[in-house]
Amino acid sequence: MASGTMKAVCIRRYGGLDALEYGDYPRPGPTGRQLLVRVHAASVNPRDWLLREGRYVFRFAVRMPAILGSDFSGVVAECGPDAKLFREGDAVFGMQTAFGNMGAYADYIAVDERSVANKPGTISHGQAAAVPCAGLTAWQAFTRDSRVREGSRVTVIGASGGVGSYAVQLAKVLGAAVTGVTSGPNEPLVRGLGADETVDYRAQHFAASVRGQDVVVDTIGRESLASCAPALTADGVYIPTIPSAATAAQGLAAAARRLVRGGRGRRARVVLCRADGRDLARLAVLLEDGRLISVVDSVYPLADTAAAHARSRTFRTRGKLVLEVVPGAAGPITLEDAPTCSVSSTAGS
């Protein structure tokens with residue numbers, strides 16, 4: 001049960017930036033296998049402002065009033081009666097689901113212990129908070145919704161963004177040759193993340209020149225299986241990361257065609273990110289040894305969430321946007337942290 005109050009960002013109705021309310025709210029208490037985590041940093045995902053606007057596909061699962069946010073990094077403050085994987089004082093990072101009623105834009109969050117992992121000691125809470133939804137989306141797209149392996153050919157649309165920046169790196173970790181689709185000014189960043197080739201979408205549509213791809217990951221949501229087909233192999237898979245009725249319909253239509261053709265043909269698979277602590281632990285190993293990094297575009301105080309939402313909505317961020325809940329928790333996000341990858345920025349930029 002709740003004990004005391006905490007600062008949080010909440011919505012009581014769907015709407016614009018003015019629907020965001022920063023103030024005091026009841027602090028949750030952990031039940032069952034939940035952990036109560038003192039949040040040090042959270043991150044912003046498009047699902048957050050889609051939910052605020054009433055356009056998130058799983059909005060029906062979120063009860064009003066709702067504290068937004070799914071991604072967080074912090075320290076375990078209390079364990080539920082059935083929790084057994086972590087102890088008070090453990091630094092963890094994780095992802096709350098819409099079905100868990102979100103809740104990361106707050107001083108505290110109660111979350112199932114199976115949805116978190118130990119935070120790598122080599123990175124800040126801000127860099128860890130950037131990972132869960134975007135990193136898991138990319139990882140699960142390559143390991144569950146497709147089978148990327150040594151020698152695979154992967155194209156990432158929106159390669160400099162939140163999901164895209166992790167997708168480029170993880171495809172390389174898995175042994176793929178990677179083409180990153182981005183704007184011209186961001187091509188050096190994407191190559192620094194490991195892309196073998198880049199395409200400036202402002203100069204040409206990538207499918208005009210790219211061929212033989214096993215997987216095309218669309219992190220922007222403006223393409224389709226039809227528009228990506230010229231770039232895909234005969235059995236290639238188009239994976240949009242933003243769920244919608246349109247992407248679901250594409251998947252069903254592609255599955256029907258494959259059924260008629262005896263299981264052959266191109267596929268469309270919407271990746272639905274699962275909050276999985278085991279997958280996060282796998283990413284933690286890569287973060288620990290530097291094979292995976294978080295590109296952080298900007299850091300905002302929790303009270304300035306509206307500014308972070310406004311920037312996220314432009315789809316022009318380089319990497320992730322982080323909300324700093326505990327001052328100083330985001331750590332020094334500077335070019336020195338990752339010479340070819342990080343972007344230094346300040347709140348409100």
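Because the structure is a prediction, the values reported are computed rather than measured.

S.K.: Can you help me understand unusual backbone geometry in this one?
M.R.: It is generally the case that most residues other than glycine have a negative phi and that most peptide bonds are trans. Omega for the bond connecting M64 with P65 falls within 30 degrees of zero, at -10°, which places this linkage in the cis form. As for its placement among the helices and strands, P65 is situated in the loop between α1 (46-52) and β4 (66-67). Even without being glycine, N101 reaches a positive phi, approximately 70°. Looking at where N101 falls in the secondary structure, it is placed in the loop between β6 (91-95) and β7 (108-112). Within the chain, F315 stands out as a residue other than glycine whose phi angle is a positive 55°. Along the chain, the position of F315 falls in the loop between α9 (305-312) and β16 (320-324). By relative accessible area, which is 27% here, F315 ends up partly exposed.

S.K.: When you look at the environment of G135 in this model, what are you seeing that I'm missing?
M.R.: Within the secondary structure, G135 is located in helix α3 (residues 132-143). Given the relative accessible area of 0%, G135 is considered buried. With 30 residues separating them in the primary sequence, G135 and S165 have C-alpha atoms 8.8 Å apart. Residues in contact with G135, not counting those within four places in the same chain, are Y166, L170 and L283.

S.K.: Would you take a moment to explain the pattern of salt bridges for this structure?
M.R.: Tallying each qualifying case throughout the model produces 19 salt bridges. Of the charged contacts, one joins D18 and R13 as a salt bridge, the two residues approaching to 3.7 Å between their closest N and O atoms. With relative accessibility at 59%, the residue D18 sits in the exposed group. With a closest N to O distance of 2.6 Å, R282 and D279 form a salt bridge.

Conventions we followed
Residues numbered from 1 in each chain as written. Predicted model: local features only at pLDDT ≥ 70, side-chain atom pairs only at ≥ 80, totals over all residues. Heavy atoms only, no water. Helix = DSSP H or I, 4+ residues; strand = E, 2+ residues; numbered from the N terminus. Buried < 20%, exposed > 50% of the residue type's maximum accessible area, 1.4 Å probe, protein only. Contact = heavy atoms within 4.5 Å. Salt bridge = Lys/Arg side-chain N within 4 Å of Asp/Glu carboxyl O.

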